[in-house]
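# Architecture and fold: a report
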Amino acid sequence: MHLLRVQVPDFRGLKDIDITFEKEFVPRIFPLGSQNGGGKSTLLQLIFVLLHCSVDEEKKPFLQDLLQGFKINEGDEKILAIIDIRDEKNIVNLKFYCNKFSFEAGADDLDEDINSEEIIYICYFEKVKETFSHDYEIRTATELKCRFNNLNKKQAELFLDKVSHKIFLAAPSTQVFLFLPPDSRKLLFSNSSNGDKNYYGILESARSKLKGLFTYDFLAVELLIESFKDARDRDFKQAIKTGVYGNNYQTLTNELNTFLGNKRINLDKDFAGVNFQLYNNGETIELYPEDLSHGELKRLSIYVWLKLRNIEDAIVLMDEIEIAFHPDWQYQIISDLKEWAPSNQYILATHSYELCQALTPAHVKEIEPKLIKAV
């Protein structure tokens, strides 16, 4: 699975975006650079939500929240994004577009094209309600649809379902996510700490529904615990089948510990958490959170996420991956991704010159205002 090209004519701060990600480039890692405010995060979120949410009814509210920022005149048809994807030998062109219309409240058929063989109807949401008389109400809504090429409608629906499982977004939880309800974003400027009134609580609820979303914070403890449990279960299944326990648990432990030098990670006996120890000259010292660097734990979390989720032959969008990394590690993360999951395509929204310098200049894609100034 490879994202070949994305075009966004006009969405929020994105204007006339047209970026190509060459299939023949090795490695398939593309930094996406710009200065602050260039729209890198917006672009990644738009790609992710369109491809991850368009075929799942439970996820369509995220599309509707995203579209709150899409301006369109009534009666117009406006392109939201055009996305070209290569899947094996096939190239599929997906054109996502919206139209705004008015209808009488209670109308049964809101769209004449819903049975079209060239269009997939995705969703609509109401924007404005206007009462014109005491007898009926006129509502204004926006529809989101998708046109496609080289496929019939059934094939296109199957393709969208396939790509929904092959698109991933990783970002810091401090990012403003445009696919959350607009009111929840305002909570970032609120001092409320109530669970249902807290931005991070709402984000956590969204993560449970968006399986392709990962937020890298201090340490993804739940992922680590899940990976240990999975390895344990595979060892037990092997014991039932062959009478001999497997070595998946030990292999996982060894792999994780290679990240930490003379430090070791262990699972708590009750599987409720993890702990770290330092081995130094034959002495074992218990480590506390302040003894571990943010950067090494973040790097460990990314590795576990890619491995545990079996993310392969996928499109992986990563926002500001360089946060908390020393410049040497910003450069090194390119080699890490190639080693950890080489079959993926990575698009890395970044401010890091070091990260960009780990690849050829042709790999680096930029949007205005550009990250790298012309000499």
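The notes below deal with the structure included here.

Parameters at a glance
- Residues numbered from 1 in each chain as written.
- Predicted model: local features only at pLDDT ≥ 70, side-chain atom pairs only at ≥ 80, totals over all residues.
- Heavy atoms only, no water.
- Buried < 20%, exposed > 50% of the residue type's maximum accessible area, 1.4 Å probe, protein only.
- Helix = DSSP H or I, 4+ residues; strand = E, 2+ residues; numbered from the N terminus.
- Pairing = 2+ DSSP bridges.
- Contact = heavy atoms within 4.5 Å.
- Axes fitted to C-alpha atoms, helices over the stretch in contact; angles between N-to-C directions.
- Core = buried A, V, L, I, M, F, W, Y, C linked by side-chain atoms within 4.5 Å.
- Phe/Tyr/Trp six-rings, centres within 6.5 Å; stacked < 30°, edge-to-face > 60°.
- Polar contact = N/O pair within 3.5 Å; in protein donor to acceptor, adjacent residues only side chain to side chain.
- Patch = residues over 30% accessible without salt bridge, like charges linked within 9 Å, V, L, I, M, F, W, Y side chains within 5 Å.
- Areas by Shrake-Rupley, 256 points an atom, 1.4 Å probe, with all protein chains shown as cover.
- Salt bridge = Lys/Arg side-chain N within 4 Å of Asp/Glu carboxyl O.
- Arc of directions from axis to C-beta.

## Thoughts on the pairing of strand S1 (residues 2-11)
Among the 10 residues of S1, seven are classified as buried, and the element is accordingly described as predominantly covered. The pairing of S1 with strand S4 (residues 77-87) spans five bridges and is classified as antiparallel. Each residue of the ladder has a partner; that of valine 6, found in S4, is isoleucine 83. Pairing analysis gives six bridges linking S1 to strand S2 (residues 14-20), with the strands arranged antiparallel. In the strand pairing of S2, aspartate 10 is matched with lysine 15. What sits between the antiparallel neighbours S1 and S2 is a turn of two residues, in which arginine 12 has the positive phi angle 50°.

## So, the sheet that holds strand S15 (residues 365-366)
A sheet is described by the order of its strands in space; here six strands give the open sequence S9-S8-S13-S14-S3-S15, paired in parallel fashion. The sheet is open, and its two edges are formed by strand S9 (213-215) and S15, each paired on a single side. Here strand S8 (residues 167-171) pairs with strand S13 (residues 315-319) via four bridges, running parallel. Bridged to alanine 170 within S13 is methionine 318. Packed on one face of the sheet, helix H1 (residues 40-53) meets strand S3 (29-33), S8, S9, S13 and strand S14 (345-350) and runs near 145° to S8. Against the sheet, helix H8 (residues 294-308) contacts S8, S9, S13 and S14, and its axis sits at roughly 160° relative to S13.

## Digging into the nonpolar core
If you look at the biggest cluster of nonpolar residues, it comprises 63 residues, and the most contacted ones within it are Ile85, Leu94, Phe96 and Leu144. Of all the elements, H1 adds the most residues to this core, at nine residues. Among all residues touching phenylalanine 96, those that are not within four sequence positions of it are Leu50, Leu51, Ser54, Ile79, Leu80, Ala81, Ile83, Ile122, Leu144, Lys145, Cys146 and Leu160. Core analysis: the next-biggest nonpolar cluster, separate from the first, contains 45 residues, Phe259, Leu287, Ile302 and Ile333 among them.

## Brief notes about the packing of aromatic side chains
Taken as a whole and assessed by the stated rule, the structure comprises 13 aromatic pairs. When the ring of phenylalanine 48 is compared with that of phenylalanine 179, the centres are 6.4 Å apart and the planes differ by 55°; the resulting orientation is tilted. Within this pair, whereas phenylalanine 48 is found in helix H1, its partner phenylalanine 179 is found in the loop between S8 and helix H4 (182-186), the two being separated by 131 residues in sequence. We classify phenylalanine 48 as buried; its relative accessible area is 0%. Members of the aromatic cluster, connected to one another through ring pairs, are Phe48, Phe62, Phe177 and Phe179.

## Quick look at the side chain of histidine 2
Mapped onto the secondary structure, histidine 2 falls in strand S1. Reaching out from histidine 2, the side chain makes a polar contact with the side chain of glutamine 345 at a distance of 3.3 Å. The residues touching histidine 2, leaving out its near neighbours within four places in the chain, are Phe21, Glu22, Lys23, Arg28, Phe30, Asp84, Ile85, Arg86, Ile315 and Gln345.

## Focus on the environment of lysine 338
Tracing the sequence through the fold places lysine 338 in helix H9 (residues 327-340). A C-alpha to C-alpha distance of 7.1 Å links lysine 338 and proline 27, two positions 311 residues apart in sequence. Excluding its chain neighbours within four sequence positions, the residues that come into contact with lysine 338 are Pro27 and Ile29.

## Some words on the sheet that holds strand S12 (residues 283-287)
Judged by pairing direction, the sheet is antiparallel, and its three strands sit side by side in the order S10-S11-S12 without closing on themselves. Edge positions in the sheet fall to strand S10 (263-267) and S12, since each has one partner strand and no second. Shown here is a sheet whose adjacent strand axes are inclined to one another by a mean of 35°, direction ignored. Where S10 meets strand S11 (residues 274-280), five bridges bridge the pair, whose relative direction is antiparallel. Among the inter-strand pairings, arginine 264 is bridged to a residue of S11, identified as glutamine 277.

## Regarding a nonpolar patch on the surface
Taken together, the side chains of Phe236, Ile240 and Tyr245 make up a nonpolar region of the molecular surface, amounting to roughly 370 Å² of accessible area. Looking at where phenylalanine 236 falls in the secondary structure, it is placed in helix H6 (residues 221-242). Since its relative accessible area comes to 44%, phenylalanine 236 is described here as partly exposed.

## Some words on helix H7 (residues 248-257)
The periodicity of an α-helix, 3.6 residues per turn, causes residues three or four places apart in sequence to face the same way. Residues of H7 that are buried: Leu252, Thr253, Leu256 and Asn257. Along the long axis of H7, the arc covered by the buried residues comes to 125°, so they all point the same way. Those residues of H7 that are buried lie in contact with H6, S10 and H8.

## Digging into the side chain of serine 54
Residue position: serine 54 is located in the loop between H1 and helix H2 (60-66). Engagement of the side chain of serine 54 in a polar contact is seen with the backbone oxygen of leucine 50, the distance being 2.6 Å. The residues touching serine 54, leaving out its near neighbours within four places in the chain, are Val49, Lys60, Leu63, Phe96 and Ile122.

## Quick look at the environment of isoleucine 334
Among the secondary structure elements, isoleucine 334 is positioned in helix H9. The class of isoleucine 334 is buried, set by a relative accessible area of 1%. Counting along the chain gives 305 residues from isoleucine 334 to isoleucine 29, while the straight-line C-alpha distance between them is 7.5 Å.

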